[in-house]
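In case you want the letters, here they are:
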Amino acid sequence: QVQLVESGGGLVQAGDSLTLSCAFSGRPFSSYIMGWFRQAPGKERDFVAFISWNGTSTHYTNSVKGRFTISRDNLKNTLYLQMNWLKPEDTAVYYCAANARPSGSVAAAGEYDYWGQGTQVTVSS
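Now for a look at the structure at hand. In this text, all values refer to a predicted model and were calculated from it rather than measured experimentally. (Residues numbered from 1 in each chain as written. Predicted model: local features only at pLDDT ≥ 70, side-chain atom pairs only at ≥ 80, totals over all residues. Heavy atoms only, no water.)

### What about the overall build of the chain?
Summing up its helical and strand segments, the chain has zero helices and 11 strands in all. Starting at the N terminus, the α and β elements of the chain follow one another as β-β-β-β-β-β-β-β-β-β-β. Expected size for 125 residues packed as a compact globule is a radius of gyration near 14 Å; at 13 Å, the chain falls within 12% of this value. Along the first, second and third principal axes, the C-alpha set of the chain runs to 40 × 25 × 25 Å. The buried share of the chain, taken over its 125 residues, is 40%. Here the analysis covers contacts within the chain between residues at least 6 apart in sequence; of these, 57% occur between residues at least 24 apart. A total accessible area of about 6,300 Å² is found for the chain, and carbon and sulfur atoms account for 48% of it. For the chain, the distance from the average site of its 10 positive side-chain charges to the average site of its 9 negative ones is 4 Å. (Helix = DSSP H or I, 4+ residues; strand = E, 2+ residues; numbered from the N terminus. Rg over C-alpha atoms; globule rule 2.2 N^0.38 Å. Buried < 20%, exposed > 50% of the residue type's maximum accessible area, 1.4 Å probe, protein only. Contact = heavy atoms within 4.5 Å. Areas by Shrake-Rupley, 256 points an atom, 1.4 Å probe, with all protein chains shown as cover. Lys, Arg positive; Asp, Glu negative; His and termini not counted. Charge placed at Lys NZ, Arg CZ, Asp CG, Glu CD.)

Here's what the structure looks like:
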């Protein structure tokens, strides 16, 4: 069974940086496309970023383009999200997600089969 464990969240000030990690176990990591999603209080879970099996293809939601970078290390079975120039509106619980057989939009939460427990990111102004 696939397990995902996020880490790296915290409380930072606007303009600061954070790097989130997602440790993957249970199946071959390189067989899964990966995504980051976030959920603010009272809101739906929103797509943040996607990365392909080998890391050659990425996609971001418009609000984080140029500030966030998704990456993966298939030897370490770990997914990353480097977040720069953080804004208060980035405050949310961040989740990593895995999908072995994508058939639709990689930005759709319903496409992903496995989820981590989430890590809180709070950005103060």
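### A word on the packing of aromatic side chains
What characterises a pair of aromatic rings is the spacing of the ring centres plus the angle enclosed by the ring planes. Applying the stated rule across the entire model yields eight aromatic pairs. Between F24 and F29, the aromatic rings sit 4.9 Å apart at their centres with planes inclined by 50°, giving tilted as the arrangement. The residues F24 and F29 share a single accessibility class, namely buried. Plain terms: the ring middles of Y95 and W115 are 6.5 Å apart, the flat faces sit at 80° to each other, and that makes the pair edge-to-face. Here Y95 is found in strand 9 (residues 92–99), whereas its partner W115 is found in strand 10 (residues 114–115), with 20 residues between them in sequence. The buried category is assigned to Y95, whose relative accessible area is 12%. W115 gets classed as partly exposed once you look at its relative accessible area, which sits at 27%. (Phe/Tyr/Trp six-rings, centres within 6.5 Å; stacked < 30°, edge-to-face > 60°.)

### Considerations on the sheet that holds strand 8 (residues 78–83)
If you walk across this open sheet you meet the four strands as 1-3-8-7, and the pairing is antiparallel. Every other strand in the sheet has two partners, leaving strand 1 (3–7) and strand 7 (68–73) as the edge strands with one partner each. Geometrically, the sheet is characterised by an average inter-axis angle of 15° between neighbouring strands, direction not taken into account. Taken together, the six bridges between strand 3 (residues 18–25) and strand 8 define a ladder with antiparallel strand orientation. Each residue of the ladder has a partner; that of S21, found in strand 8, is Y80. (Pairing = 2+ DSSP bridges. Axes fitted to C-alpha atoms, helices over the stretch in contact; angles between N-to-C directions.)

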